[in-house]
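Each chain is listed here by its residues.
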Amino acid sequence: MTADSAHLLARVRDICLSFPGAQEKTSHGSPVFYTTKTFCWWAGHVHRDDRARGVPDDTLAQAITFLPSPDERDALLADGRFLVPAYLGTRGWLAYDLSGRLGGPVDWSEVHELIDSSYRATAGKRLIAQLDAR
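Fair warning: this is a prediction, and the values are worked out from it, not measured in the lab.

1. Focus on the sheet that holds strand β5 (residues 82–83)
Whether parallel or antiparallel, the strands of a sheet pair through hydrogen bonds between backbone atoms.
Thinking step 1. Overall, antiparallel pairing links the six strands, which are arranged β1-β2-β3-β4-β6-β5 in an open sheet. In this open sheet, the two strands that pair with only one neighbour each are β1 (23–27) and β5.
Thinking step 2. Here helix α1 (residues 3–16) sits on the sheet in contact with β1, β2 (30–34), β3 (38–42) and β4 (63–66), set at roughly 170° to β3.
Thinking step 3. Those strands touched by helix α4 (residues 108–122) are β3, β4, β5 and β6 (94–97), and its axis lies near 140° from that of β3.

Structure below.
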């Protein structure tokens, strides 16, 4: 992992672990953040459709993979910083490039909102109530 990747992962980790009951584990060689279900993956794999469009395989090496709310998914996909990742993309998940290669500097408040939405889609009612009580 490069120093830049480590810095980005540290920022993502700080956001993810600020949610009630959030924990981290390693799955398939990458950090994963979860409560009872995963709500954020570090990195992702480029889907074959994007590879066919010329997106390099390492594009999502510095990215988060998250579960957006269904009503926001199409709007996010219209933004070039988001891709449908391999494997999880068929279940509604998206990947957001943090390297800047797909569209400029990262908006960390937006990253927090994306992770918050994914957390709310996967966490139990008790944890969401704890989050809302803050």
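2. Notes on the side chain of R73
Thinking step 1. Positionally, R73 belongs in helix α3 (residues 70–77).
Thinking step 2. The residues contacting R73, other than those within four sequence positions of it, are P68, V84, G89, G92, W93 and L94.

3. Re unusual backbone geometry
Thinking step 1. Within the chain, H28 stands out as a residue other than glycine whose phi angle is a positive 55°.
Thinking step 2. With respect to the helices and strands, the residue H28 is situated in the loop between β1 and β2.
Thinking step 3. Of note in this structure, Y87 is not a glycine but carries a positive phi near 70°.
Thinking step 4. Of note, Y87 is situated in the loop between β5 and β6.
Thinking step 5. Classification of Y87 by relative accessible area gives exposed; the value is 64%.

4. Structural notes on the pairing of β4
Thinking step 1. Side chains A63 and T65 of β4 all project onto a buried face; the interleaved residues I64 and F66 project onto the opposite face, where all are buried too.
Thinking step 2. Note: β3 against β4, three bridges, orientation antiparallel. Of the residues in β4, the one forming a bridge with C40 is F66.
Thinking step 3. Inspection of the sheet shows β4 paired to β6 by four bridges, in the antiparallel sense. Bridged to A63 within β6 is D97.

Rules used throughout
Residues numbered from 1 in each chain as written. Predicted model: local features only at pLDDT ≥ 70, side-chain atom pairs only at ≥ 80, totals over all residues. Heavy atoms only, no water. Pairing = 2+ DSSP bridges. Helix = DSSP H or I, 4+ residues; strand = E, 2+ residues; numbered from the N terminus. Contact = heavy atoms within 4.5 Å. Axes fitted to C-alpha atoms, helices over the stretch in contact; angles between N-to-C directions. Buried < 20%, exposed > 50% of the residue type's maximum accessible area, 1.4 Å probe, protein only.

That is the geometry; function is a separate question.
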